[in-house]
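Below, each chain spelled out in residue letters.
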Amino acid sequence: MSPKTTLRPLCAAIASAVIVGFPAVTTANEPELSQTEVLTGLENPWDMAFLPDGTMFYTERCLGLSVRLPDGEVEHLLGMEGTEEYATTADDLVCEGQAGMNGVAIDPDFDENRTVYVYSASNMSEPRTNRVLRMTVNSDFTQVSDRTDIVEDIPYKPAATDHPFGDAGAHNGGRIRFSPEDGYLYVTTGDNHNSEIPQSPKLLGGKVLRIDQDGKAAEGNESPEGFDPRIYTYGHRNVQGITFHPTTGQPIVTEHGPWHSDEINALVNGGNSGWDPKPNMAGRGDCPDDYCGYEPNQTEGMDPKERAAYMPVTDTETYPDAMQPAWQNDGLSQGISSAEFLVGEQWGDWDGRLVVGFMGIGFGGTPVGQRINLIDIAEDGLSVNDVAKMPVPMGAARFRSLVLGPEGDLYTAVDEGSIYRITPE
Amino acid sequence: MNTSLFIVIAAALAMGSATGQAADKSAGEALFADACAQCHGPNGKGMASFPSLSGRDAEYITSRLETYRAGEKVGSNSFLMIPNATDLSDDDIANLAAFIAESAE
């Protein structure tokens, strides 16, 4: 699909004409957006999760878990190594490169069990791993206790390699979300710049896991014979976004591309997303540190199409049954991060649109691309009908996380250090 | 180079050469907002994989920018920084260094 047919500047122009009172020439009903800065001065805020009354749990990648209460008061609950002023500090929780404390999720039965979950890197095992921690929050939101690590063995990149963004902790996944449809916790992981991981039946990187509140495999995970039963889908590169279609419950992920082709994928239970960056296969020779993920050329600009032919994100030649992406960002890689659905009449024509955040990169002639996209995705998640840029008041930013609040407003955390609330009028 | 960057650089150049004075911080500020903030953050405090520039003096920043401009590697992500320094003039670098040294948080 070409950018010409996917972007809709004309519609935007028409919508604004309607708002300033010109005769309506169309039924376009696109809301005006206003924004409030909910929190600022944060350090790499990474994810948020809301209770119905507006209470917002949020993570900062190198600091830990905090909660903002509806009256604006903030309590720092679980700090990482070296932090102060947190009710509890867990010295095993570490941050490096892209890793640290990432996703946060609230238990669907929070009213009864007051349970929250976070995804964090930890040095409790050697080598380090990523873990999913389960904790109980006390009644006045000042403490967490009863930490149980329900997943302890998600791979973490232990040392730097010769790759772009090649530091330790890279390609670390980290989004966690409960499906409103099946009630299970979905955990997205990354390939660690390690070519063995994505197609490995046992290593949990480059996967989407589907587990229950104790970390046990969800019933009905259909990954192939011999796979770890917690695996729902495999063959991913680095999944940092997951959400569920508001009417069908279909899980949909966003996956970072390697200097080309950021992807949106509808997950198929047991499916292979077709990422396999191993050397000496699929027409490739040796690669730096045994990982072909940025080949044929790591650090010089070249046509993304040539890259895609050499190192596809979805290798359908090797894996003909691989899940097909719904969208590939017109062949570009621009730091696709988080995904969420807009739901509610206040969003007008955008009710039911998928919103996707891009952090921007700007490598090798590709436009930086910091934005939120509004995507009209088919109900089955297999194709997109329309893609537009959301005209957000804050303009460009590294949009890390997008979460719908309980009142239906869209919240976004940006790497610049703020969490904004975007309200449709 | 994108056009807006070109315009800002051209403006910075024009200002710098017209007065021939010491570094022009406000030109540095404009150029930083347009060409650097997207990675290093609006106040240069760094984000994600992009280093913080806070606490660096003008001399350090100047020497780094000259190194990148020459196409030389420093750290493992230099390939991302080098293209952003290639077209900087000496005045740009002086202006940026003055602005960053004073303002980066």
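Residues numbered from 1 in each chain as written. Chains lettered and ligands numbered in written order. Predicted model: local features only at pLDDT ≥ 70, side-chain atom pairs only at ≥ 80, totals over all residues. Heavy atoms only, no water.

Caption draft 1: Broad picture of the overall build of chain B. A tally of helices and strands in chain B yields 6 helices and 0 strands. What you see in chain B, going N to C, is helices and strands ordered as α-α-α-α-α-α. Residues classed as buried in chain B amount to 39% of the 105 residues present. For chain B, the share of sequence-separated contacts (at least 6 apart) that also reach a separation of at least 24 residues comes to 57%. (Helix = DSSP H or I, 4+ residues; strand = E, 2+ residues; numbered from the N terminus. Buried < 20%, exposed > 50% of the residue type's maximum accessible area, 1.4 Å probe, protein only. Contact = heavy atoms within 4.5 Å.)

Caption draft 2: Spatial organisation of the overall build of chain A. Within chain A, the secondary structure is distributed over 4 helices and 24 strands. Out of the 425 residues in chain A, the part that is buried amounts to 60%. Taking the contacts inside chain A whose residues are at least 6 apart along the sequence as the reference set, 57% of them involve residues at least 24 apart. Accessible surface computed for chain A: about 15900 Å², of which carbon and sulfur atoms make up 48%. (Areas by Shrake-Rupley, 256 points an atom, 1.4 Å probe, with all protein chains shown as cover.)

Caption draft 3: Geometry of the environment of Ser401(A). Residues and elements named next belong to chain A. Counting through the fold element by element, Ser401 comes out in strand E22 (residues 399-404). Under the relative-accessibility criterion, Ser401 is labelled buried at 0%. Excluding anything up to four places from it in sequence, Ser401 contacts Trp46, Asp47, Met48, Arg175, Arg177, Ser338, Tyr411, Thr412 and Ala413.

Caption draft 4: Up close: the UniProt feature "domain: Glucose/Sorbosone dehydrogenase" (unreviewed entry) in chain A. Sequence positions flagged by UniProt for "domain: Glucose/Sorbosone dehydrogenase" (unreviewed entry) are, in local numbering, residues 42-420 of chain A. Across residues 42-420 of chain A one finds 3% helix and 33% strand; the C-alpha atoms that close the span lie 12 Å apart. (UniProt positions renumbered as here; feature names shortened; annotations may be inferred.)

Caption draft 5: Up close: the confidence of the model for chain B. Residue and element names in this part refer to chain B. For chain B, the mean per-residue pLDDT works out to 84, and 80% of the residues sit at or above 70. Mean pLDDT across the secondary structure elements of chain B bottoms out at helix H1 (residues 3-19), with 47, and peaks at helix H4 (residues 58-69), with 97. Low confidence marks residues 8-20, where pLDDT is under 50. Its contacts with residues over four positions away, or in another chain, come to 16 contacts. (pLDDT = per-residue confidence, 0-100.)

Caption draft 6: Seen up close, the interface of chain A and chain B. Taken together, the contacts link 18 residues of chain A with 11 residues of chain B. Taken over both partners, the interface formed by chain A and chain B buries close to 1300 Å², and the fraction arising from carbon and sulfur atoms is 58%. Among the residues chain A hides against chain B, the three largest losses belong to Phe165(A), Arg398(A) and Glu416(A). Together they make up 37% of the total. For the interface between chain A and chain B, the tally reads 0 salt bridges. (Buried area = accessible area lost by both parts, 1.4 Å probe. Salt bridge = Lys/Arg side-chain N within 4 Å of Asp/Glu carboxyl O.)

Caption draft 7: Molecular detail of a negative patch on the surface. Residue and element names in this part refer to chain A. On the surface, a cluster of negative charge is made up of Asp162, Glu196, Asp286, Asp289 and Asp290. Checked against the element boundaries, Asp289 lands in the loop between strand E17 (263-266) and helix H4 (304-310). Under the relative-accessibility criterion, Asp289 is labelled partly exposed at 46%. (Patch = residues over 30% accessible without salt bridge, like charges linked within 9 Å, V, L, I, M, F, W, Y side chains within 5 Å. Lys, Arg positive; Asp, Glu negative; His and termini not counted. Charge placed at Lys NZ, Arg CZ, Asp CG, Glu CD.)

Caption draft 8: Inspection of the UniProt feature "domain: Cytochrome c" (unreviewed entry) in chain B at higher detail. According to UniProt, the positions carrying the feature "domain: Cytochrome c" (unreviewed entry) are residues 23-104 of chain B. The annotated region residues 23-104 of chain B carries 60% helix and 0% strand content, and the separation between its end C-alpha atoms amounts to 16 Å.

Caption draft 9: Structural detail: the pattern of salt bridges. Inspection of every chain in the model, using the stated rule, returns 19 salt bridges over all chains. Within the structure, one salt-bridge network assembled from shared partners comprises Asp92(A), Arg131(A), Arg147(A), Asp149(A) and Glu152(A).

Caption draft 10: Here's a closer look at the state of the cysteines. Residue and element names in this part refer to chain B. Taken as a whole and assessed by the stated rule, the structure comprises 2 disulfides over all chains. The disulfide pattern of chain A is 1-2, 3-4 when the bonded cysteines are numbered in sequence order. Cys39 provides the cysteine sulfur closest to Cys36, a residue in no disulfide bond, and the two sulfurs are 8.8 Å apart. The exposure class assigned to Cys36 is buried, which follows from its relative accessible area of 17%. (Disulfide = S-S within 2.5 Å.)

Caption draft 11: The side chain of Glu340(A), seen in detail. Residue and element names in this part refer to chain A. By the secondary structure assignment, Glu340 is in strand E18 (residues 336-341). Buried charge without a salt bridge: Glu340, with Arg177 as the nearest opposite-charge side chain at an N-O distance of 5.8 Å. Reaching out from Glu340, the side chain makes a polar contact with the side chain of Thr243 at a distance of 3.1 Å. Aside from chain neighbours lying at most four places away, what touches Glu340 is Thr243, Arg353, Leu354, Val355, Leu402, Val403, Leu404 and Leu410. (Polar contact = N/O pair within 3.5 Å; in protein donor to acceptor, adjacent residues only side chain to side chain.)

Caption draft 12: View of the sheet that holds strand E24 (residues 418-424) of chain A. Residue and element names in this part refer to chain A. Pairing is antiparallel in the open sheet, where 4 strands are placed in the order E1-E24-E23-E22. Unpaired on one side and paired on the other, strand E1 (33-39) and E22 mark the two borders of the sheet. Between one strand axis and the next, the sheet turns by 25° as a mean value, whatever way the strands run. (Pairing = 2+ DSSP bridges. Axes fitted to C-alpha atoms, helices over the stretch in contact; angles between N-to-C directions.)

Caption draft 13: Geometry of helix H5 (residues 78-85) of chain B. Of all the 8 residues making up H5(B), 6 are buried; the element is thus mostly covered by neighbouring parts of the structure. The inward-facing, buried residues of H5(B) abut helix H3 (37-40) and H4 of chain B.

Caption draft 14: Region of interest: the side chain of Asp409(A). All names here are of chain A. Here Asp409 lies in the loop between E22 and strand E23 (410-414). Classification of Asp409 as buried rests on a relative accessible area of 5%. If we ignore the near neighbours within four places in the chain, the residues touching Asp409 are Trp347, Val403, Leu404, Arg421, Ile422, Thr423 and Pro424.

Caption draft 15: Just the confidence of the model for chain A, in detail. Looking at chain A as a whole, its pLDDT mean stands at 93, while 94% of the residues score no less than 70. Segment residues 1-24 of chain A is flagged for pLDDT under 50; beyond a separation of four residues in sequence, or across chains, it makes 26 contacts in the model.

Caption draft 16: Quick look at the packing of aromatic side chains. Under the defined criterion, the tally for this structure stands at 17 aromatic pairs over all chains. Aromatic pair Trp259(A) and Phe363(A): ring centres 4.0 Å apart, planes at 25°, arrangement stacked. With Trp259(A) in the loop between strand E16 (251-255) and E17 and Phe363(A) in the loop between strand E19 (354-358) and strand E20 (371-377), this residue pair connects regions lying 104 residues apart in the sequence. An aromatic cluster is defined as three or more aromatic residues linked by ring pairs; in this entry it consists of Phe165(A), Trp259(A), Tyr291(A), Tyr294(A), Phe363(A), Phe50(B) and Phe79(B). Just above the ring of Tyr60(B) sits the side chain of Arg56(B); from NZ or CZ to the centre is 4.2 Å. (Phe/Tyr/Trp six-rings, centres within 6.5 Å; stacked < 30°, edge-to-face > 60°. Lys NZ or Arg CZ within 6 Å of the ring centre and 35° of its normal.)

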